[in-house]
Amino acid sequence: MARGAIIASMLCLLAVAVVAEDPYIYYTWNVTYGTISPLGIPQQGILINGLFPGPEINSTSNNNIVINVFNNLDEPLLFTWSGIQQRKNSWQDGTLGTQCPIQPGTNYTYKFQVKDQIGSYFYYPYTGLQRAAGGIGGLRIYSRLLIPVPYADPADEYWVLMGDWYAKPHTTLQKFLDSGRSLGRPDGVHIMGKNGSPVPLYTMEPGKTYKYRLCNVGMKDSLNFRIQGHPLKLVEMEGSHVVQNVYDSLDIHVGQCYSVLVTADQEPKQYKMVASTRFTKKVLSATALITYSNGNGPASPELPPAPEGWAWSLNQFRSFRWNLTASAARPNPQGSYHYGQINITRTIKLVNTVSRANGKLRYGINGVSHVDNETPLKLAEYFGVADKVFKYNIISDEPPATIGDLTLAPNVINATFRTFIEIIFENPTKVVQSYNLDGYSFFLAAVEPGKWTPEKRKNYNLLDTVSRHTVQIYPKSWAAIMLTFDNAGMWNLRSEHTENRYLGQQLYISVLSPERSLRDEYNIPETQLLCGIVKDMPKPAPYS
């Protein structure tokens, strides 16, 4: 081959390498009803490919995930990806404010890219009360080979998806809420869809260390997790490596995920994992067995005690610190991990309340109880008909001094692109709250009892608080988060308590780029479902 031809071939190969996309991972999900027994009582549940919990999404940072979902239920369906920062892509967020539901007997293909959020997450069905029926599974993101993690590779990894559970069908629970009543207390707790099974869930080799991925996928209750005779070394939390403290047990609030290392260095036999409710008059518990490969004895019937009081939980939270020496994960771009040195441009204070509207139970934020429209908010905004669907900023940055009856309306606030904002959550109720923000990780600067005032900023951790996506607020307490709104889209801020979210304790944050540019936000996917008033409208000109 002539030298010129060789050079030309090399240039072509180089060009291909430059434009090559990151790897794709494909899944096909068949979503059906089936019989499950999380509390030992057979009931109708939601299965994915016949499984509960559903199949794992196993990925590496920068992978493109493609999931073709076939809805074989008799009700609309959406899946949301708790904690995954879909950069420039709220189109695939799986909430009713961004997507039209997948109708029964049809399918829809999700496509999103995971970024440098090396850690443990989960997915669940968002529509109605479907989270109370199953359809939940784990989503793990590994580090790329060139980016080391700050601990040795474990011998194996095990999921522990746990949560409170109701024995009634999700359709019955939804009718309770629609009629104006509460769901009441859950009936029990499960670990990986079971409680008290005599068959060991996982096996460990003596002397080896294992990673356990712990997620509270429940609907209402914070849980305390512990293992008989085995301390838990915390290494990752919601996409961030943390200082590796060792704990006898961990409080995991609704929607939160932790990764811990457990070493098999005890007497070779069976041991029980325990998940029990926190801050409840009646404590509900679930157990699951783990065993040593050479084990020859049953687990002790005596369970390790759970801590008492939320002050213990608050002190544990204060012990969590970001590992600033780790090479990953840094989920916040543009150097915003130096968050303590960035000037705050806006403070938003959000107060959660519970009240009645038209005689029915509702939950709200700053006096507004969110309602979903037939036309998703993101689509209305994109097609230029937002004024026909919702109004921006019907709540102010400072809540009214007295919040009476709740206003029912879509709750959407604007955030200026790339501004650094402080959000204060204040919880005047007697129940622990838990919030999740889609599309972002934020810096949880403080959680304290009482009411927030500007003077409280002197108590903020401005150096090494953990970057995460879920925040708990204890009774009669407040929490402060800080973040840069640099991810254009329509993003859901919601209570992770399913009843509260369904009855209005959520809002959307519209982050608009001043330029309609692919640099800031992806175009609407060609396959995006359209519904409501935009169903037959021509699509706007694409971004360039």
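Please read these numbers as outputs of a predicted model, since none were measured by experiment.

1. What about the overall build of the protein?
Inference 1: The secondary structure content of the protein amounts to five helices and 33 strands.
Inference 2: Dimensions of the protein, computed from C-alpha atoms along their principal axes, come out at roughly 80 × 70 × 55 Å.
Inference 3: A total of 544 residues make up the protein; the buried ones form 59% of that total.
Inference 4: When contacts within the protein are restricted to residue pairs at least 6 apart in sequence, long-range pairs at least 24 apart make up 79% of them.
Inference 5: Of the accessible surface of the protein, which amounts to about 21400 Å², a share of 55% is contributed by carbon and sulfur atoms.
Inference 6: Both charge centroids of the protein, one from 49 positive and one from 44 negative side chains, sit 2 Å from each other.

2. Looking at the sheet that holds strand E32 (residues 489-495)
Paired through backbone hydrogen bonds, the strands of a sheet run either parallel or antiparallel to each other.
Inference 1: An order of E25-E33-E32-E27-E30 is seen for the five strands of this open sheet, with the pairing classed as mixed. A single partner strand is all that each edge strand has here, and the edge strands are strand E25 (412-416) and strand E30 (470-473). Here the strands of the sheet are splayed against their neighbours by 20° on average, with no regard to which way each runs.
Inference 2: The pairing of E32 with strand E33 (residues 506-512) spans six bridges and is antiparallel. The residue bridging asparagine 492 from the neighbouring strand is tyrosine 508, located in E33.

3. A word on helix H3 (residues 310-318)
Inference 1: Every buried residue belonging to H3 is among Ser313, Leu314, Gln316 and Phe317, and all of these are buried. Along the axis of H3, the buried residues cluster in a sector spanning 160°; they form a single face.
Inference 2: For H3, the secondary structure elements touched by its buried residues are strand E16 (246-247), strand E17 (250-252), strand E28 (442-449), strand E29 (467-468) and E30.

4. Some remarks on the state of the cysteines
Inference 1: Tallying each qualifying case throughout the model produces two disulfides.
Inference 2: The residue that forms a disulfide with cysteine 215 is cysteine 257, at a sulfur-sulfur distance of 2.1 Å. Its S-S torsion of approximately 115° makes the covalent link between cysteine 215 and cysteine 257 right-handed. Taken together, the positions of cysteine 215 in strand E12 (residues 209-216) and cysteine 257 in strand E18 (residues 257-263) put the pair 42 residues apart, joining distant regions of the chain.
Inference 3: The buried category is assigned to cysteine 215, whose relative accessible area is 0%.

5. Thoughts on the environment of leucine 444
Inference 1: Along the chain, the position of leucine 444 falls in strand E28.
Inference 2: Taking the relative accessible area as the measure of exposure, leucine 444 reaches 1% and is therefore buried.
Inference 3: Linking leucine 444 and tyrosine 24, residues 420 residues apart in sequence, is a C-alpha distance of 33 Å.
Inference 4: Ignoring anything within four residues of it in the chain, the contact list for leucine 444 reads Phe317, Thr465, Val466, Arg468, Val471, Ala479, Ala480 and Ile481.

6. Re unusual backbone geometry
Inference 1: Residue proline 53 follows phenylalanine 52 across a cis peptide bond; omega there is -5°.
Inference 2: For proline 53, the position within the fold is in the loop between strand E2 (43-48) and strand E3 (57-60).
Inference 3: The phi dihedral of lysine 88 falls on the positive side, at around 60°, and the residue is not glycine.
Inference 4: By secondary structure assignment, the location of lysine 88 is in the loop between strand E5 (79-82) and strand E6 (107-113).

7. Observations concerning the packing of aromatic side chains
Inference 1: Counted by the stated rule, this structure contains 31 aromatic pairs.
Inference 2: Look at tyrosine 460 and tryptophan 478: their rings are 6.4 Å apart centre to centre, the planes differ by 45°, and that puts the pair in the tilted class. Taken together, the residues tyrosine 460 in the loop between E28 and E29 and tryptophan 478 in strand E31 (residues 477-484) connect sequence positions 18 residues apart.
Inference 3: Looking at tyrosine 460, the relative accessible area reads 9%, which means it is buried.
Inference 4: On the accessibility criterion, tryptophan 478 (0% relative accessible area) is buried.
Inference 5: One aromatic cluster is present, built from ring pairs that chain together Trp29, Phe79, Trp81, Tyr108, Tyr110, Phe112 and Tyr123.
Inference 6: Positioned above the aromatic ring of tryptophan 159 is the side chain of arginine 213, whose terminal nitrogen or guanidinium carbon lies 5.9 Å from the ring centre.
Inference 7: Arginine 501 extends its terminal NZ or CZ atom over the ring of tyrosine 126, reaching a point 4.4 Å from the ring centre.

8. Here's the deal with the confidence of the model for the protein
Inference 1: The predicted model of the protein averages 93 in pLDDT, with 94% of residues at 70 or higher.
Inference 2: When the criterion is pLDDT under 50, residues 1-19 qualifies, and its contacts beyond four places in sequence or with other chains add up to two contacts.
Inference 3: Counted against residues more than four places away or in other chains, residues 331-336, with its pLDDT under 50, gives 18 contacts.

9. Structural notes on the sheet that holds E17
Inference 1: With mixed pairing, the five strands of this open sheet are ordered in space as E11-E20-E19-E13-E17. The sheet is open, and its two edges are formed by strand E11 (202-204) and E17, each paired on a single side. Put simply, the sheet's adjacent strands are angled 25° from each other on average, direction ignored.
Inference 2: As judged from the three bridges shared by strand E13 (residues 223-227) and E17, these two strands associate in the antiparallel manner. For asparagine 224, the partnering residue across the bridge sits in E17 and is aspartate 251.

10. Remarks on the nonpolar core
Soluble globular proteins tend to pack their nonpolar side chains together in the buried interior.
Inference 1: Core analysis: the biggest nonpolar cluster contains 76 residues, and Tyr212 and Leu250 have the highest contact counts within it.
Inference 2: Take this core: its biggest share by element is five residues, from strand E9 (residues 157-165).
Inference 3: Beyond its immediate sequence surroundings of up to four residues, tyrosine 212 is in contact with Tyr158, Val160, Tyr202, Met204, Tyr258, Ser259, Val260, Val262, Met273 and Ile290.
Inference 4: The next biggest cluster of nonpolar side chains, apart from the first, holds 46 residues, and it includes Ile46, Ile67, Phe79 and Ala133.

11. A look at the side chain of serine 510
Inference 1: Of note, serine 510 is situated in strand E33.
Inference 2: There is a polar contact of 2.6 Å between the side chain of serine 510 and the side chain of glutamate 381.

12. What about the pairing of strand E14 (residues 232-237)?
Inference 1: Within E14, five of the six residues are buried, which leaves the element mostly enclosed by the surrounding structure.
Inference 2: Bridging between E14 and E16 involves two bridges; their strand directions are antiparallel. Looking across to E16, one finds that leucine 232 is bridged to tyrosine 247.
Inference 3: As judged from the two bridges shared by E14 and strand E15 (residues 240-241), these two strands associate in the antiparallel manner. Along E15, the bridge assignment pairs methionine 237 with serine 240.
Inference 4: As consecutive antiparallel partners, E14 and E15 are separated by two residues, and within that stretch glutamate 238 has a phi angle of approximately 50°, a positive value.

Rules used in this analysis
- Residues numbered from 1 in each chain as written.
- Predicted model: local features only at pLDDT ≥ 70, side-chain atom pairs only at ≥ 80, totals over all residues.
- Heavy atoms only, no water.
- Helix = DSSP H or I, 4+ residues; strand = E, 2+ residues; numbered from the N terminus.
- Buried < 20%, exposed > 50% of the residue type's maximum accessible area, 1.4 Å probe, protein only.
- Contact = heavy atoms within 4.5 Å.
- Areas by Shrake-Rupley, 256 points an atom, 1.4 Å probe, with all protein chains shown as cover.
- Lys, Arg positive; Asp, Glu negative; His and termini not counted.
- Charge placed at Lys NZ, Arg CZ, Asp CG, Glu CD.
- Pairing = 2+ DSSP bridges.
- Axes fitted to C-alpha atoms, helices over the stretch in contact; angles between N-to-C directions.
- Arc of directions from axis to C-beta.
- Disulfide = S-S within 2.5 Å.
- Phe/Tyr/Trp six-rings, centres within 6.5 Å; stacked < 30°, edge-to-face > 60°.
- Lys NZ or Arg CZ within 6 Å of the ring centre and 35° of its normal.
- pLDDT = per-residue confidence, 0-100.
- Core = buried A, V, L, I, M, F, W, Y, C linked by side-chain atoms within 4.5 Å.
- Polar contact = N/O pair within 3.5 Å; in protein donor to acceptor, adjacent residues only side chain to side chain.

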